[in-house]
Amino acid sequence: MDIENLLVIGSGAMGSQIGLVGALAGYDTTIRDVSTTALDKARDALSEQLERNIEKNRTTREDADAAWQRLRFSADLEAVAPEADLVIEAATENLDTKRMIFADLGRLTRSEAILATNSSSIGASQVAAATGRPEKVCNMHFFNPALVMKCVEVVRHAATSQDTIDTVLEVARVMGKSPVLINREIPGFVANRLMGAIRDEALRLRADGIASFEDIDTAAKSALGHPMGPFELMDLVGLDVSYQIRQSTFEETGDPADLPHPDLAAMYERGDYGRKTGKGWYDYETGA
Ligand code: 3HC
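Computed from a predicted model, the values in this text were never measured in an experiment. (Residues numbered from 1 in each chain as written. Predicted model: local features only at pLDDT ≥ 70, side-chain atom pairs only at ≥ 80, totals over all residues. Heavy atoms only, no water.)

Colleague: Where do I start with the nonpolar core in this structure?
Modeller: Among soluble globular proteins, nonpolar side chains are generally buried collectively. By size, the foremost hydrophobic cluster in this structure holds 36 residues, and its most contacted members are Ile-18, Leu-86, Met-140, Phe-142 and Met-175. In this structure, Leu-7, Ile-9, Val-80 and Ile-101 belong to the second largest nonpolar core, which totals 16 residues. (Core = buried A, V, L, I, M, F, W, Y, C linked by side-chain atoms within 4.5 Å. Buried < 20%, exposed > 50% of the residue type's maximum accessible area, 1.4 Å probe, protein only.)

Now the structure itself:
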């Protein structure tokens, strides 16, 4: 199926950057959020990103202007949904919220439109029934920061059609990404399972007093060549997101070993989410 129009649901860190990736790749793209304040924030952040791309010679002024022309921001789902060929949902990691969004999308989009979720912890099978066309539903999982990270995990669930998978893989390639096909839903898919294993070990090492979180980060970077240590990465991804991913995995498996680490839960409850709140493991206001 030919994709021309993208609709991204959610204008947070992931949704906004996915939208710009789409517009830069030549798709007419709308970013939709219920909050106009969030949309304004996304518009400002993306405009800055584009300026940086121009300064760094990653994009010409002409291409950036063309991408900006292709990008729209809207709070009106009823108005924008009927135009979409592919929807990428990047709202909060909450199953009830996502089910409501997918029910709306099933009702408001054309029957041939593909409906994808960026979720890494909620498999598309959990929202597919709400759309009335499960064969058109899959996960299309980007990584933070989506403008930079090349991986996109494309995940089929039992009812996803091959045509849906082929189309989504192709869109990811057009976006300049390296798609990875995941053949079966499993919590965390592949990349987050790898990241989660390292994060859990890092949290244990710190809680046991083996090393400080700063030194654990240093070891990950200087011994293993990781671009960021596990604590820096939690701050980038958001401790709220890391917590919710663990919580929803636990809700699916019922295995207490999947519960968020108590230190992660404590920070989540305090509202220390990382870069987005100015404080996580590191302090972004004082730079400590
Ligand atoms: N948004 C957009 N672009 C960004 C960015 C951001 N938040 N952060 C960095 N960049 C870009 C910038 O364009 C920057 O180039 P510039 O300085 O020329 O403008 C370029 O990346 C390099 O950035 P820096 O020089 O500041 O720093 P680094 O070289 O360390 O790169 C990084 C930053 C790309 C974030 C790198 O540290 C990295 O790859 N970190 C690991 C990220 C990672 O693992 N992400 C996956 C998280 S898991 C996930 O998202 C899944 C979800 O389900 C939880």
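Colleague: What is the right way to look at the environment of Asp-235 in this model?
Modeller: Of note, Asp-235 is situated in helix H10 (residues 230–237). Owing to a relative accessible area of 1%, Asp-235 belongs among the buried residues under this scheme. Sequence-wise, Asp-235 and Asp-215 are 20 residues apart; in three dimensions their C-alpha atoms are separated by 16 Å. Residues within four places of Asp-235 in sequence aside, it is in contact with Tyr-273, Gly-274, Arg-275, Gly-280, Trp-281, Tyr-282 and Tyr-284. (Helix = DSSP H or I, 4+ residues; strand = E, 2+ residues; numbered from the N terminus. Contact = heavy atoms within 4.5 Å.)

Colleague: Would you mind going over the side chain of Lys-98 with me for this structure?
Modeller: Positionally, Lys-98 belongs in helix H5 (residues 95–108). Excluding residues that lie within four positions of it along the chain, Lys-98 makes contacts with Glu-89, Ala-91, Thr-92, Glu-93, Thr-117, Ser-119, Ile-122 and Val-127.

Colleague: Looking at this structure, how should I read the packing of aromatic side chains?
Modeller: In this description, a pair of aromatic rings is defined by centroid distance and the angle of the planes. Counting across every chain of the model gives 7 aromatic pairs. Residues Phe-213 and Tyr-282 carry aromatic rings whose centres are separated by 5.0 Å and whose planes lie at 85 degrees to one another, so their mutual orientation is edge-to-face. Residue Phe-213 is found in helix H9 (residues 213–222), and its partner Tyr-282 is found in the segment after helix H12 (262–270); the two are separated by 69 residues along the sequence. According to the relative accessible area criterion, Tyr-282 is buried, its value standing at 16%. (Phe/Tyr/Trp six-rings, centres within 6.5 Å; stacked < 30°, edge-to-face > 60°.)

Colleague: When you look at the environment of Glu-51 in this model, what are you seeing that I'm missing?
Modeller: If you trace the backbone, Glu-51 turns up in helix H2 (residues 36–55). The spatial distance from the C-alpha of Glu-51 to the C-alpha of Arg-61 is 8.4 Å, given a sequence separation of 10 residues.

Colleague: Can you help me understand the site of the ligand in this one?
Modeller: Taken together, 19 residues surround the ligand, and among them Gln-17, Arg-52, His-141, Asn-144 and Asn-192 come closest. One nitrogen or oxygen atom from the side chain of Gln-49 is found 3.4 Å from a nitrogen atom belonging to the ligand. Between Asn-192 and the ligand, the recorded distance is 3.0 Å, taken from a side-chain N or O atom to an oxygen atom. For the ligand, the accessible surface in isolation is 1000 Å², of which the surrounding protein chains cover 69%. The set of elements that each furnish at least two residues to the shell around the ligand consists of H2, helix H8 (191–207) and H10. Looking at side-chain class alone, the shell around the ligand contains 10 nonpolar, 6 polar and 3 charged residues. (Near = heavy atom within 4 Å. Polar contact = N/O pair within 3.5 Å; in protein donor to acceptor, adjacent residues only side chain to side chain. Areas by Shrake-Rupley, 256 points an atom, 1.4 Å probe, with all protein chains shown as cover. Nonpolar A, V, L, I, M, F, W, Y, C, P; charged D, E, K, R; others polar.)

Colleague: Hey, could you run me through the environment of Thr-253 in this one?
Modeller: Here Thr-253 is to be found in helix H11 (residues 239–253). Relative accessible area serves as the criterion here: at 42%, Thr-253 is assigned to the partly exposed category. Placed 66 residues apart in sequence, Thr-253 and Pro-187 show a C-alpha to C-alpha distance of 8.9 Å.

Colleague: What is the right way to look at the sheet that holds strand S3 (residues 71–74) in this model?
Modeller: Within a sheet, each strand pairs with its neighbour through backbone hydrogen bonds, oriented either parallel or antiparallel. With mixed pairing, the 8 strands of this open sheet are ordered in space as S3-S2-S1-S4-S5-S6-S7-S8. Looking at strand neighbours, the two that pair on one side only are S3 and strand S8 (178–182), the edges of this open sheet. For this sheet, the mean angle separating the axes of adjacent strands, direction not counted, is 25 degrees. With respect to the sheet, helix H3 (residues 61–70) is in contact with strand S2 (28–32) and S3, its orientation differing from that of S3 by roughly 35 degrees. (Pairing = 2+ DSSP bridges. Axes fitted to C-alpha atoms, helices over the stretch in contact; angles between N-to-C directions.)

Colleague: Help me understand the state of the cysteines, please; the structure alone is not making it clear to me.
Modeller: Each disulfide consists of one covalent bond between the sulfur atoms belonging to two cysteines. Taken as a whole and assessed by the stated rule, the structure comprises 0 disulfides. Among the cysteines around Cys-138, which has no disulfide bond, Cys-151 carries the closest sulfur, lying 14 Å off. What makes Cys-151 partly exposed here is its relative accessible area of 24%. (Disulfide = S-S within 2.5 Å.)

Colleague: Explain unusual backbone geometry here, please?
Modeller: Peptide bonds are, in most cases, trans, and in most cases residues other than glycine have a negative phi. The step from Asn-144 to Pro-145 runs through a cis peptide bond, and the omega angle for that step is 0 degrees. By the element assignment, Pro-145 lies in the loop between strand S6 (137–142) and strand S7 (151–155). Phi angles above zero are rare outside glycine, and Asn-57 is one such case at about 60 degrees. Assignment of secondary structure puts Asn-57 in the loop between H2 and H3.

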